[in-house]
Amino acid sequence: MRLGITTYCSIGHLSVKVNRKVVFRAADGSEDLLKLIYNQLNPAYPKFFKMDDLCRLGFLGVEWIVKERPELSESEDDAIALVFQNEMSSLQSDSEHQLQLNKGVASPATFVYTLPNIVVGEIAIRNKWFGESAFFVGPKSDVAMLVDYTKSLILNRKAKIGIVGFIESFAGDHFLRLLVVEETNSGDEFNVVSLSKFIAE
Amino acid sequence: MIFAGAEHIVSPLGNSAEENFAAIIAGKSGIRKIPCRAGGKEPELFNVAAVRNFGDFPLAQELKKSVTASLEKVDESSLISGKTLFLLSTTKGEITELVKPGVVQAKLDVLRNKVIRDLHWFHSSAVISNACISGLEALIVGHDLIQTGNFDHVVVAGGDMLSEFTLSGFKSFFAISPEPCKPFDKNRAGINLGEGVGTIILSRNEEIFASKPIVFCGGATANDANHISGPSRTGEGLYRAISRALTTCSVRREEIDFFSSHGTGTSYNDEMESIAFARCGMSEIPMNGLKGYFGHTLGAAGIIEAAVCMQSLRNQELIASTGFEEAGTSKPLNVLLSHRKTPFKVLMKTASGFGGSNAAAIFRTE
């Protein structure tokens, strides 16, 4: 079975790229990139403002993908697998919970984001996707698990389409590289080399 | 066929899977009331399943010991010469490192590297962190990567420790039970947190195990697509995880002899599970929840509880659910009230967690 890459989405350096074309660029020195991207997309989704940055980033990446590929939201309930990775897990929200804890005011609204896979839940809720998912934690230089596991999900007929990649938001830096992969003869082949190359772009 | 064996558990109930199983059969629970830190100025008394005192569980060391103990139950040379993956399942790892300067020491891959520092021969390693389904999902991932030929063997270890970080968080959710938890009972009042580690080795080769392994059929995960912390009112994700697990494992629902649920003891979770099991036609099948023995061990729960299920299959003895007295879910469940020696073959294990995640996996004897 050959898995091809059918959509690319990247966020970072004050810009959003879909299929390697810049679709949004914030002015130099802009603050709160994620809010600016949200305003550009204007999804009218107030839950966005409750999310931590990791969830906001993943949410926005998938919003751009669905804007490019509207048929994804029409796919069968269980067709889409979400397979993500980052290096810092939820350490940004972890640090915030720790700060609140030190002040004696732990809050469930922060604590719920102290798990990296909450971003999977936010995306699933938004798109009504009930399929397979996994969150791996490891550096950008080691993405073999993302490739091997996504391939196995499609090969074993647990999913038809994978939205797969790296989502990191820590200390105000945002880095997202997501791919849509599926069984096809077109597009670049999905493998460790092509994913690593895309992440390094 | 893929095999699971060499299971190992460290919990308040003992330092091996066998010790833990014997303690459960003897009617013991790891939950006791001890002083814990949970965000207040002074320690408070909580019912928790602590291995020693609160805050005294060296996670990396315990994981390393558990992995080493499991490796002693297999032909290690086969793992070294084959393609072997190490998978670590955890939610918070060594989160107590967060209070030290910088956050780098709290990174989960730092923990992974500590655990396998002296085991250079692993072909590859990874960390999976998927809330409370992490452990069961790590087993499913391991199974699937053997099935597709990526690896010959997978060593799956899971661990989490009791900490002020998680205790204060669950306390802020009002999810902590003041008494030992009562999964599926009418008077259930929440969870008890626990800590521990577990290891299970998966392999395509039955011969590597010192004692006869269990058959691991794999499983599936599904998302509720409903709420990030509240369980689905329709049990949608768990229903789908179970349905997809049955399909992918080629097991019919009628073949399931017993299942071990997630059963946290919170009102909403247990209610959700009863609905999902009813939708799957599983209301009559004998079942348990194991949190009354171990508390909720988060990222370790899936491994520890799966290891108990494997012991249950090996000993052909069904484990009772502890803490249950009176039915308290809208859909009926056949909660097992006392341990029962009986021949049985097929066992399902489920888990559910924050982020709307659910998992179901199937073990069987040949």
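Residues numbered from 1 in each chain as written. Chains lettered and ligands numbered in written order. Predicted model: local features only at pLDDT ≥ 70, side-chain atom pairs only at ≥ 80, totals over all residues. Heavy atoms only, no water.

1. Re the overall build of chain B
Here comes step 1: Broken down by element type, chain B carries 10 helices and 15 strands.
Here comes step 2: In terms of C-alpha radius of gyration, chain B reaches 19 Å, essentially the compact-globule figure of 21 Å for 366 residues.
Here comes step 3: With the principal axes as the frame, chain B shows a C-alpha extent of 55 × 55 × 40 Å.
Here comes step 4: Counting all 366 residues of chain B, 67% fall into the buried class. (Helix = DSSP H or I, 4+ residues; strand = E, 2+ residues; numbered from the N terminus. Rg over C-alpha atoms; globule rule 2.2 N^0.38 Å. Buried < 20%, exposed > 50% of the residue type's maximum accessible area, 1.4 Å probe, protein only.)

2. Points about the nonpolar core
Residues and elements named next belong to chain A.
Here comes step 1: Grouped together as the largest cluster of nonpolar side chains are 128 residues, with contacts concentrated most on F84 and I163.
Here comes step 2: At 9 residues, the largest contribution of residues to this core is made by helix α2 (residues 53-68).
Here comes step 3: Residue contacts for I163: discarding those within four places in its chain leaves V62, I65, L72, I80, A81, L82, V83, F84, W129, L178, L179 and V180. (Core = buried A, V, L, I, M, F, W, Y, C linked by side-chain atoms within 4.5 Å. Contact = heavy atoms within 4.5 Å.)

3. A few points about helix α4 (residues 108-116) of chain B
Here comes step 1: The buried fraction of α4 of chain B amounts to 7 of the 9 residues, a majority that puts the element mostly inside the structure.
Here comes step 2: Within the span of α4 of chain B, buried status applies to L108, D109, V110, L111, R112, V115 and I116 of chain B.
Here comes step 3: Contacts from the buried residues of α4 of chain B go to β5 (133-137) of chain A together with α2 (59-71), β4 (84-89) and β5 (124-128) of chain B.

4. Considerations on the environment of S107 of chain A
Here comes step 1: Relative to the assigned elements, S107 of chain A resides in the loop between α3 (91-102) and α4 (108-111).
Here comes step 2: The sequence separation of S107 of chain A and H97 of chain A amounts to 10 residues, and the corresponding C-alpha distance is 7.4 Å.
Here comes step 3: Sequence-distant contacts of S107 of chain A, defined by excluding residues within four places in its chain, comprise Q100 of chain A together with S172 of chain B.
Here comes step 4: Of note is the side chain of S107 of chain A, whose polar atom sits 3.1 Å from the backbone nitrogen of A109 of chain A. (Polar contact = N/O pair within 3.5 Å; in protein donor to acceptor, adjacent residues only side chain to side chain.)

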